[in-house]
Amino acid sequence: VAESSISREVTTPPPESARGTARMLGTVARLVLVGGAAALVPGQRSPVTGSSRLGATVAEVPTTRAPKFTEVCGETGITLSRFMIEATVANPHLAELESIFSSIQTAGKTISNLVRRSTLTGLTGYLESGNINVQGEEQKKLDVITNDVLKNALKFTGRMGVLASEEEDAPVEVDDDAQDRYQHEILVERTAGAYVAVFDPLDGSSNVDAGIPTGTIFGIFEDSSAECEVLPDGSLVDDCLGKTLQPGANLVAAGYILYSSATFLCFSLGAGTHMFTYDEHIGEFVLTDPDVKIPARGKIYSMNEANHLEWDAPLQQWMEAVQTGTGTTGTKYSSRYIGSMVGDVHRTLLYGGLFGYPADKKNVCGKLRLLYEAAPMSFLVEQAGGVSSTGRDRILDIEPTNVHQRVPVVLGSKDDVQDLLALYATTDRATDIYQG
C-alpha cells in the first residue's frame, strides 16, 4: 500500500449560503455548446465576486480541495472513477460533476478507439459531401463522428431535451433532423440543470491521416440561474444562450484527452492539474501524474515559425533571442511544433517552455477559439503554475462576445511567458496586430 502525493483537507461542507445554488447529486449538464470544434473542460472560478478589468463577471464559489488517498490498490492504482468519488466527498458542491466525468471518460475511450482504427475502418479523409462547418473549415469524417460521440454521451444522461441552433430562430427537439447540422447546435435542457459544457471533439483532426497526435478539449461552466426557459412560441429567453459566453475565470472544470502513444486525460477541478493514462487492460483511466507543475522555465518553444515575419515586433524579438541564446537565460531553445494544440500543450505542461498561436497579418485575431480552446487550456496551465496571455491580457479574464470568437494565445512556463510580456510592455498596444 502506497500513499499518493495528492492531499486533501477534510472539512465540513460549506454552508448553503456559500454554496449558492448547489444541487442534488444526479443533476447534470444543462447546456452543451457544439461549435465547428466544440470544447468541454474542467475549470475554476475566482473565489470572489466582482468584475475583472476586462469587464468579465466572476462568480463566487467555494474553494476546491484536492482529494487524499491513503490506500492505493497495487493492481489498479487510482482510477478516475475513484478520484471523482473522493473529489466529491471533499467538495460536495462538485457532486454533480461525477456523472459528467463518467460520460466524458466513456466518450474519450470511444474516440480513442475510433482514431486508432480509422485507417482500417475507412474513417480517414474528408466527407464526400464536402460539408463546411461554422468555422468555414471542410469537415473530416472523424470530425462528425467524434462530435456525435461527445454530444450523445452528455445527451444520454437524460437531461438534454432541446437543441437551440445558432442558425435556427427556434429550438428543436433532440430527435429533429436539425441535429445533423451539429456544428451549429447548442443543446439546452428544459429542466433546471447545473452546468454549461463546451468542447472541441477532435482538435488537430487534419493530422489524423498522418498518424499525428490529436485530442479532445472540454470546459465546464456553472449556470447559477434556475432554468433556461423555452417560451410558448418555441424561442429562448434573450439571455439564455448568452449564459454560455462566460470568461474562463468562471470555469469549474476543464481538461483535454490526448490520443497518442497512449491515451491521456488531463484535467483540473480548480485544485491543481492531474494527468491520467488509459489502461486498456482494466479499461480505466489511471492517475499517473498527480498535481502536475509546469517548470518555471523551459528550453522549448512551440509555434508555427513559417509566419514569424507576420507577427508583432515583441514576439519576433523574443523568438530571435531564444534562437540565438541572447535572451534572459543566455540559452538557445529548441523548436518543437506538432500542429495539434492538445499535443503541444501536453508537452509544454510536462517539459516547460512556451506554446503560442499568435495573431498575424492574415489572422489578426489568431486562430484559436476563446471559449472552447484557449480558455480551457489556459485554465489547466494556470492550475499547473503557468501563465497564459494574449500578449497583453490574461486569457481567463476575457469575456467572450460570441461563441466562436478567436484570440491570440501564448502560454507555458511562468518565466518564459513573463519574458515575452515584458517585451510587449515596452511597446504601444496600438501597434499590435490584435486589437481585441
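Residues numbered from 1 in each chain as written. Predicted model: local features only at pLDDT ≥ 70, side-chain atom pairs only at ≥ 80, totals over all residues. Heavy atoms only, no water.

**Description of the overall build of the protein chain**
The criterion, for reference: Strands here mean DSSP runs of E at least two residues long; helices mean DSSP runs of H or I at least four residues long; both are numbered from the N terminus. Exposed residues in this analysis have more than 50% of their type's maximum accessible area, buried residues have under 20%, and partly exposed residues fall in between, with area computed by a 1.4 Å probe over protein chains only. By definition, residues are in contact when any of their heavy atoms lie within 4.5 Å. Surface accessibility follows the Shrake-Rupley procedure with a 1.4 Å probe radius. Residue values consider only the protein chains on display as shielding.
Helices and strands together make up the secondary structure of the protein chain, namely 9 helices and 20 strands. Put simply, the protein chain has 436 residues, and 56% of those count as buried. Considering only residue pairs separated by 6 or more positions, the protein chain has 73% of its internal contacts joining residues 24 or more positions apart. Of the roughly 17700 Å² of accessible surface on the protein chain, a fraction of 49% belongs to carbon and sulfur atoms.

**Overview of the confidence of the model for the protein chain**
Rules: The pLDDT value tells you how sure the predictor is about a given residue, anywhere from 0 up to 100.
Confidence in the prediction of the protein chain, expressed as mean pLDDT, is 77, and 69% of residues score 70 or more. Predicted confidence is poor over residues 1-53, with pLDDT under 50, and the contacts of this stretch with residues over four places away or in other chains come to 235 contacts.

**Considering the sheet that holds strand 20 (residues 409-412)**
For the record, the criterion: What makes two strands pair is DSSP finding at least two bridges between them. For every element, the axis is a line fit to its C-alpha atoms; helices are fit only across the contacting stretch, and the angle between N-to-C directions ranges from 0 to 180 degrees.
If you walk across this open sheet you meet the 5 strands as 15-14-16-20-18, and the pairing is mixed. Since the sheet does not close on itself, it has two edges, and those belong to strand 15 (334-335) and strand 18 (387-389), each with one partner. Sheet analysis places strand 14 (residues 300-302) next to strand 16 (residues 354-357), joined by 2 bridges and oriented parallel. Looking at strand 16, one finds that Y301 is bridged to L354. Running over the sheet, helix 7 (residues 341-351) touches strand 14, strand 16 and strand 20 and is turned about 155° from strand 16.

**Things to note about helix 7**
With 9 of 11 residues buried, helix 7 is to be regarded as a mostly interior element. G352 sits one or two positions beyond helix 7 and adopts a positive phi of about 85°.

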